[in-house]
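# What the coordinates show
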Protein chains: 2
Amino acid sequence: MEHVCLHSLLRTPEDRTHAIGSVIKRLGEIIPGIRNELYPVTSSFGMPVYFSLERAAAPYFGIKAYGVHMNGYVEKGDQKFLWIGKRSDVKQTYPGMLDHLVAGGLPYGISCKENIIKECGEEAGIPRSISTNATSVGAISYMDIEGFRYKRDVLFCYDLKLPANFVPNNEDGEVDSFRLIPVPHAANIIRRTEFFKPNCNLVIIDFLFRHGYIHPDCRGYLDLLQSLRSGDCS
Amino acid sequence: MEHVCLHSLLRTPEDRTHAIGSVIKRLGEIIPGIRNELYPVTSSFGMPVYFSLERAAAPYFGIKAYGVHMNGYVEKGDQKFLWIGKRSDVKQTYPGMLDHLVAGGLPYGISCKENIIKECGEEAGIPRSISTNATSVGAISYMDIEGFRYKRDVLFCYDLKLPANFVPNNEDGEVDSFRLIPVPHAANIIRRTEFFKPNCNLVIIDFLFRHGYIHPDCRGYLDLLQSLRSGDCS
């Protein structure tokens, strides 16, 4: 079987969403981690929504998903520090791994900016008065095949410079703890370990490029930059 | 004739550089604007130098060239301003057009960082104590065919945040005047006019992405980002 077609009688996005929802329910435990959160399915970002489907099911159908990822950092004198979260040991995906200060999927019908502000509140207790300063800085993309899952993600990247005295506070139980570490220390963890949730590596590497920690006089600079940007950001 | 070969007796980079230099001299006025500045010819950045050739001749042979481009900006409260130069009316290339605060080709045997510091001094009178803070933020690439010239350029991009009271001062006669303008004003000039030297547009658009002036909730965001990154950065 090379592809699956939707029945031609399913004419509206709502009809399709409903029908596919029934199929996903029938698939039962083949698709673990159902979140009851609908993701829009489009040809590319901002285009009309063909239908929506359960977030956990998207990679089983090769559906592209969009998210927002934010590096929260602090400047002390000449040095910059990154706030790094450790995921809860009971989180369904990537338990116990290192994470950004704030990240989340982009649900249907909310702007990127509103979503990052919402996630800032839920994941790190950052008040709107601060999170409204989160600055969009680009996007990265990656693909990942694992078993029956074909992940195609585009992450909108944000930077937020935080006051030195701000301490994050997780409010939804998804984060075990937060630590503030010097940027070169975070770079070393990425280089030498697999502690970070894999997609966070890319967003931090993008940060390292934009803030001059990886610079043109480093060997292999353009190769790494080109590789980071080779994903399908559409 | 599909390609030109170098004589097999030319075994060292110096031999080749000398032989090609003679050819370029013979070509006379076919190649205007000779600068007596040698550019290294490599397969990609940082690789062994096969030979060097006159900077003005590089596009006539389709040779990739590398440069450094710097956006100098000032922060006043929540607003950012860009220092924009107007090129001298007697400059050989793009006379009278708008330009970055500092930009220059990357000659043989100097690091990108040293080059940007040198150009900061020559082009804008920025002392080393300030220019050493210039931060590498990525690279962009473009191709341009014009008459017999096939330009293949990779520009290493830098940001430099300047003190509010700093006023640039051109020291090599290449700049007519400087003006400090709000970032959205610079964006409008790019959108509506052809006043900027063409490659500067790309470096400023990259700045607009990284500083949140072009953001994911803008229509066509990913298309423009993907297009900006589609060049051959090698």
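Just so it is clear, the model here is predicted, and its values are computed rather than measured. (Residues numbered from 1 in each chain as written. Chains lettered and ligands numbered in written order. Predicted model: local features only at pLDDT ≥ 70, side-chain atom pairs only at ≥ 80, totals over all residues. Heavy atoms only, no water.)

## So, empty space enclosed by the protein
A probe as big as a water molecule, rolled over the atoms, marks out the empty space that is left. Going through the model one piece at a time under the given rule, you end up with 2 cavities of 30 Å³ or more. In this structure, the largest cavity spans a volume of roughly 90 Å³. Together, 15 residues line the largest cavity, and Asp206 and Arg229 of chain A together with Asp206, Arg210 and Arg229 of chain B are the ones closest to its centre. Going through the elements one at a time, strand S7 (135-146), helix H5 (198-210) and helix H6 (221-228) of chain A together with helix H5 (198-210) and helix H6 (221-228) of chain B are the ones with two or more residues in the lining of the largest cavity. Of the residues in the lining of the largest cavity, the class split is 8 nonpolar, 1 polar and 6 charged. When its volume is computed, the second largest cavity comes out at roughly 40 Å³. Those elements that place two or more of their residues in the lining of the second largest cavity are strand S7 (135-146) and strand S8 (149-161) of chain B. Top element by residues in the lining of the second largest cavity is S7 of chain B. It accounts for 3 residues. Each residue belonging to the lining of the second largest cavity can be placed in one class, and the counts come to 3 nonpolar, 1 polar and 3 charged. (1 Å grid on protein atoms, 1.4 Å probe; cavity = no way out; pocket = protein on both sides within 12 Å on 5 of 7 lines; lining within 4 Å. Points joined across faces, edges and corners; volume = space filled by probe spheres on them. Helix = DSSP H or I, 4+ residues; strand = E, 2+ residues; numbered from the N terminus. Nonpolar A, V, L, I, M, F, W, Y, C, P; charged D, E, K, R; others polar.)

## Remarks on the interface of chain B and chain A
Tallying the contact residues gives 31 residues for chain B and 31 residues for chain A. A combined buried area of about 2300 Å² lies between chain B and chain A, and 54% of that area is made up of carbon and sulfur atoms. When the buried surface of chain B facing chain A is broken down by residue, Pro216, Leu222 and Arg229 of chain B rank first, second and third, together holding 28% of it. If you look at where chain B meets chain A, you find 0 salt bridges. Our count for the contact surface shared by chain B and chain A stands at 12 residue pairs in polar contact (both at pLDDT 80 or more). Of all the secondary-structure elements, those providing two or more residues to the side of chain B that touches chain A are helix H2 (112-124), S7, S8, H5 and H6 of chain B. (Contact = heavy atoms within 4.5 Å. Buried area = accessible area lost by both parts, 1.4 Å probe. Salt bridge = Lys/Arg side-chain N within 4 Å of Asp/Glu carboxyl O. Polar contact = N/O pair within 3.5 Å; in protein donor to acceptor, adjacent residues only side chain to side chain.)

## Considerations on the UniProt feature "domain: Nudix hydrolase" (unreviewed entry) in chain A
With numbering aligned to this structure, UniProt lists the feature "domain: Nudix hydrolase" (unreviewed entry) at residues 65-206 of chain A. Secondary structure content for residues 65-206 of chain A is 25% helix and 42% strand, while the C-alpha to C-alpha distance between its ends is 19 Å. (UniProt positions renumbered as here; feature names shortened; annotations may be inferred.)

## Examining the relation of the copies chain B and chain A
The relation between the two copies of this chain is a rotation about an axis and a shift parallel to it. Note on the copies: chain B fits chain A at an RMSD of 0.0 Å, the axial shift is 0.0 Å, and the rotation between them is 180°. The operation mapping one copy onto its partner corresponds to a two-fold rotation axis. The C-alpha atom lying nearest the rotation axis in chain B is that of Arg229 of chain B; the distance is 3.4 Å. Mapped onto chain A, 100% of the interface residues of chain B are again interface residues, and the two copies thus contact each other with one and the same surface. (Least-squares fit on C-alpha atoms with pLDDT ≥ 70 in both.)

## Quick word on the pairing of S8 of chain B
Residue and element names in this part refer to chain B. In the sheet, strand S3 (residues 64-76) pairs with S8 via 10 bridges, with the strands oriented parallel. The residue bridging Lys64 from the neighbouring strand is Arg152, located in S8. Here 11 bridges tie S7 to S8, and the two strands are oriented antiparallel to one another. Paired with Glu146 across the two strands is Arg149, which belongs to S8. In textbook terms, the turn of a hairpin is the stretch between consecutive antiparallel strands, and for S7 and S8 this stretch comprises 2 residues, one of which, Gly147, has a positive phi near 60°. (Pairing = 2+ DSSP bridges.)

## Some details on the layout of surface pockets
Residues and elements named next belong to chain B. Counted as a void, the second largest pocket has a volume near 1100 Å³. Forming the walls of the second largest pocket are 47 residues, and the residues nearest its centre are Arg35, Arg55, Arg87, Lys91 and Thr93. Sorting the residues of the lining of the second largest pocket by element identifies S3, strand S4 (79-87), strand S6 (102-105), H2, S7 and S8 as the ones contributing at least two each. Shared between two domains, the lining of the second largest pocket holds at least three residues of each, these being domain 1 (13-61) and domain 2 (66-140 + 155-228). (Domains from an automatic or database assignment.)

## Quick notes on the domain arrangement of chain A
The accessible area lost on association of the parts is a frequent measure of interface size. All names here are of chain A. Structurally, chain A comprises domain 1 (13-61) and domain 2 (68-143 + 155-228). Between domain 1 and domain 2, the residue contacts involve 9 residues of the former and 8 residues of the latter. Summed over both sides, the interface of domain 1 with domain 2 buries roughly 650 Å², with 61% coming from carbon and sulfur. Remark: the boundary between domain 1 and domain 2 carries 0 salt bridges. If you look at where domain 1 meets domain 2, you find 0 residue pairs in polar contact (both at pLDDT 80 or more).

## Thoughts on the environment of Asn115 of chain B
All names here are of chain B. Mapped onto the elements of the fold, Asn115 is located in helix H2. Spatially, the C-alpha atoms of Asn115 and Ala103 are 9.5 Å apart, while their sequence positions differ by 12 residues. With residues up to four places along the chain from it excluded, the contact list for Asn115 reads Val68, Gly104, Gly105, Leu106, Pro107 and Ile110.

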